[in-house]
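Structure at a glance
As a plain string of letters, each chain reads:
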Amino acid sequence: MKHPAISIENLHVSYYGNEAVKGVSLSIHPGNLVGIIGPNGAGKSTFIKAILNLIPMDKGAIKVLGKPVKEVRTKIAYVPQRNDIDWDFPITVLDVVLIGTYPNLRFFRRPKKKEKEWALKCLQRVGMEDFSKKQIGELSGGQQQRVFLARALAQKADLFFLDEPFVGVDVSSEETIVKILKELCRQGKTVIVVHHDLSKANDYFNELILLNKELISYGSVSEVFQPGIIERAYQGQFAFMKKLGV
Ligand code: ADP
Ligand code: MG
């Protein structure tokens, strides 16, 4: 593919005058599994919401697959952070996944047999096909996250954004999710995952974006995962870093 999956120039985002993302520029190439790491409040969620055009930016230019986000929205799947989702909303697992098929439906068409079969296939891929009739609120955190990944898969997107997908998730769900994300990248898709700590960063991702309002570093895991660089983002959190042996 000739275009970068995402290109960002001088992105600034603020809330009520407080800057949350300051002057970030970078290009991500297709087929990468990219972790966005940085301490709490570093602007990680804000950064991806701005790329997705869910919140306004103060300044900057963003292109996704070489185009403005509005033109390629159906190509982008987004799994929000847990606490951005209303888990009490009365909806079945299958219906959550069917929502993923909407962007590819023509106007005024409702999902039919074909879409239902595809949604069930996506549920099967995440090991949740036996739960299709359950209410989403009845599931464990790990199961819910797998269902949201199935919804993203149902969309047949080229670009996947997941915000803290491993929070409140059991080990086996985490392994299933990581395995699927790696498969997607092998198929040439681009996957961006917000991950608030450094643990497993090495096993999970091939590139890291280290963010603390400003872009501290972006590159391969070995380029970014160096004490001097990590310290700049995690100022004052040395005890935690020592535990990791960084
Ligand atoms: P992260 O995801 O890295 O933890 P966020 O992007 O959620 O960080 O937040 C970055 C900063 O912006 C924080 O200081 C946070 O309090 C602030 N912030 C986030 N969302 C809002 C909002 N909707 N209104 C006001 N401030 C916000
Ligand atoms: Mg966040």
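Our subject is the structure that appears above.
Below: a short report on this structure. (Residues numbered from 1 in each chain as written. Chains lettered and ligands numbered in written order. Predicted model: local features only at pLDDT ≥ 70, side-chain atom pairs only at ≥ 80, totals over all residues. Heavy atoms only, no water.)

1. Some points on the coordination of the magnesium ion (ligand 2)
Taken together, Ser45 (OG) and Gln81 (OE1) make up the full set of protein donors to the magnesium ion (ligand 2), lying 2.1 to 2.7 Å away. Linking serine 45 in helix α1 (residues 44-51) with glutamine 81 in the loop between β5 (76-79) and α2 (93-99), this pair joins segments that are 36 residues apart in sequence. You can call serine 45 buried: its relative accessible area is 17%. (Donors = N, O, S within 2.8 Å, 3.2 Å for Na, K, Ca; no water. Helix = DSSP H or I, 4+ residues; strand = E, 2+ residues; numbered from the N terminus. Buried < 20%, exposed > 50% of the residue type's maximum accessible area, 1.4 Å probe, protein only.)

2. A word on the sheet that holds strand β4 (residues 59-64)
The sheet built from three strands is open, its strands ordered β2-β1-β4 with antiparallel pairing. Two strands close off the open sheet at either side, each with one partner strand: β2 (18-28) and β4. Averaged over all pairs of adjacent strands, the angle between their axes in this sheet comes to 25 degrees, without regard to strand direction. Two elements, strand β1 (residues 6-15) and β2, share seven bridges in a ladder whose sense is antiparallel. (Pairing = 2+ DSSP bridges. Axes fitted to C-alpha atoms, helices over the stretch in contact; angles between N-to-C directions.)

3. Brief notes about the site of ligand 1
All residues adjacent to ligand 1 are Tyr15, Tyr16, Ala20, Pro39, Asn40, Gly41, Ala42, Gly43, Lys44, Ser45 and Thr46. Contacts to ligand 1 include lysine 44, whose side-chain N or O atom sits 2.8 Å from an oxygen atom. Here an oxygen atom of ligand 1 sits 2.9 Å away from a polar atom, N or O, in the side chain of serine 45. In isolation ligand 1 offers 560 Å² of accessible surface; the protein chains occlude 58% of this area. By residue number, the principal contributor to the shell around ligand 1 is α1, which donates three residues. Class assignment for the residues of the shell around ligand 1 results in five nonpolar, five polar and one charged. (Near = heavy atom within 4 Å. Polar contact = N/O pair within 3.5 Å; in protein donor to acceptor, adjacent residues only side chain to side chain. Areas by Shrake-Rupley, 256 points an atom, 1.4 Å probe, with all protein chains shown as cover. Nonpolar A, V, L, I, M, F, W, Y, C, P; charged D, E, K, R; others polar.)

4. Some words on the packing of helix α3 (residues 113-125) against helix α4 (residues 141-154)
In contact at an axis separation of 8 Å, α3 and α4 are set at 130 degrees when each is read in the N-to-C sense. Regarding the angle of α3 to α4, the classification is oblique. In the crossing of α3 with α4, the sense of the turn from one axis to the other is right-handed. Between α3, through Trp118, Cys122, Leu123 and Arg125, and α4, the contact on the second element is made entirely by Val147, Ala150, Leu153 and Ala154. (Parallel < 35°, antiparallel > 145°, perpendicular 65-115°, else oblique. Left-handed = near helix turned anticlockwise from the far one by under 90°. Contact = heavy atoms within 4.5 Å.)

5. Some remarks on the packing of aromatic side chains
Enumeration over the complete set of coordinates arrives at three aromatic pairs. Measuring from centroid to centroid gives 5.3 Å for tryptophan 87 and phenylalanine 148, while their planes differ by 70 degrees, and the two rings are edge-to-face. Placement of tryptophan 87 in the loop between β5 and α2 and of phenylalanine 148 in helix α4 is noted, with a sequence separation of 61 residues between them. As far as the burial class goes, tryptophan 87 and phenylalanine 148 line up, both buried. Its guanidinium or amino end placed over the ring of tryptophan 118, lysine 156 lies 4.8 Å from that ring's centre, counting from NZ or CZ. (Phe/Tyr/Trp six-rings, centres within 6.5 Å; stacked < 30°, edge-to-face > 60°. Lys NZ or Arg CZ within 6 Å of the ring centre and 35° of its normal.)

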